[in-house]
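Survey of secondary and tertiary structure
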Amino acid sequence: MRYIKPKRLKILMALFFGTGGWGIIYGLYGPNPHLMIVFLGVINLCLGGLFGFVFLTQEPKLRDKRKK
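Being a predicted model, the structure only gives us computed values, none of them experimental. (Residues numbered from 1 in each chain as written. Predicted model: local features only at pLDDT ≥ 70, side-chain atom pairs only at ≥ 80, totals over all residues. Heavy atoms only, no water.)

A short note on the overall build of the protein
Helix and strand counts for the protein come out as two helices and zero strands. For the protein, the C-alpha radius of gyration of 17 Å lies well beyond 11 Å, the compact-globule estimate for 68 residues. The burial tally for the protein puts 21% of its 68 residues in the buried class. Considering only contacts in the protein between residues 6 or more positions apart, those separated by 24 or more positions represent 70%. (Helix = DSSP H or I, 4+ residues; strand = E, 2+ residues; numbered from the N terminus. Rg over C-alpha atoms; globule rule 2.2 N^0.38 Å. Buried < 20%, exposed > 50% of the residue type's maximum accessible area, 1.4 Å probe, protein only. Contact = heavy atoms within 4.5 Å.)

Structure, rendered in structure tokens:
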């Protein structure tokens, strides 16, 4: 997998966790509750967890000093 900058991964994690939490809460307690919105919120939480796993396990990018 390609190297992804840590700042970008943090932003993606925050977006997926935020929309997932909002989707679950809105799907369960909103004015018109739907199970499909809860399901999509759970998928967003899983994607946030995937990006968190990539953030924690990817190798730091080191510049090769020989190429300077």
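That covers the picture; the talk isn't over yet.
Points about a nonpolar patch on the surface
A cluster of nonpolar side chains, namely M36, F39, L40, I43, L47 and L50, defines an oily patch on the protein surface of about 540 Å² accessible area. Along the chain, the position of I43 falls in helix α2 (residues 35-57). (Patch = residues over 30% accessible without salt bridge, like charges linked within 9 Å, V, L, I, M, F, W, Y side chains within 5 Å. Areas by Shrake-Rupley, 256 points an atom, 1.4 Å probe, with all protein chains shown as cover. Salt bridge = Lys/Arg side-chain N within 4 Å of Asp/Glu carboxyl O.)

With respect to the environment of P60
Secondary-structure assignment places P60 in the segment after α2. Given the relative accessible area of 59%, P60 is considered exposed. Separated by 57 residues in sequence, P60 and Y3 have C-alpha atoms that sit 8.3 Å apart.

With respect to a positive patch on the surface
A surface patch of like charges, here positive, comprises R2, K5, R8, K61 and R63. Position of R8 among the secondary structure elements: in helix α1 (residues 6-29). In this structure R8 comes out as exposed when scored by relative accessible area, which is 56%. (Lys, Arg positive; Asp, Glu negative; His and termini not counted. Charge placed at Lys NZ, Arg CZ, Asp CG, Glu CD.)

Remarks on the environment of I11
Turning to its location among the elements, I11 is positioned in helix α1. Owing to a relative accessible area of 45%, I11 belongs among the partly exposed residues under this scheme. Once the C-alpha coordinates of I11 and M1 are considered, the two residues, 10 residues apart in sequence, prove to be 19 Å apart.

Overview of the nonpolar core
Ranked by size, the top nonpolar core spans five residues in total: I4, L9, M13, F51 and V54. Put simply, the parts of the chain that give this core at least two residues each are α1 and α2. For F51, the contacting residues outside a window of four places in its chain are L9, L12, M13 and F16. (Core = buried A, V, L, I, M, F, W, Y, C linked by side-chain atoms within 4.5 Å.)

With respect to the packing of α1 against α2
Relative orientation of the contacting elements α1 and α2 amounts to 160 degrees, with a least axis distance of 7 Å. As summarised for this structure, α1 and α2 are arranged roughly antiparallel, according to the angle between their axes. When you trace α1 past α2, the crossing you get is left-handed. Broken down by class, the residue content of the contact of α1 with α2 amounts to 17 nonpolar, 10 polar and one charged. (Axes fitted to C-alpha atoms, helices over the stretch in contact; angles between N-to-C directions. Parallel < 35°, antiparallel > 145°, perpendicular 65-115°, else oblique. Left-handed = near helix turned anticlockwise from the far one by under 90°. Nonpolar A, V, L, I, M, F, W, Y, C, P; charged D, E, K, R; others polar.)

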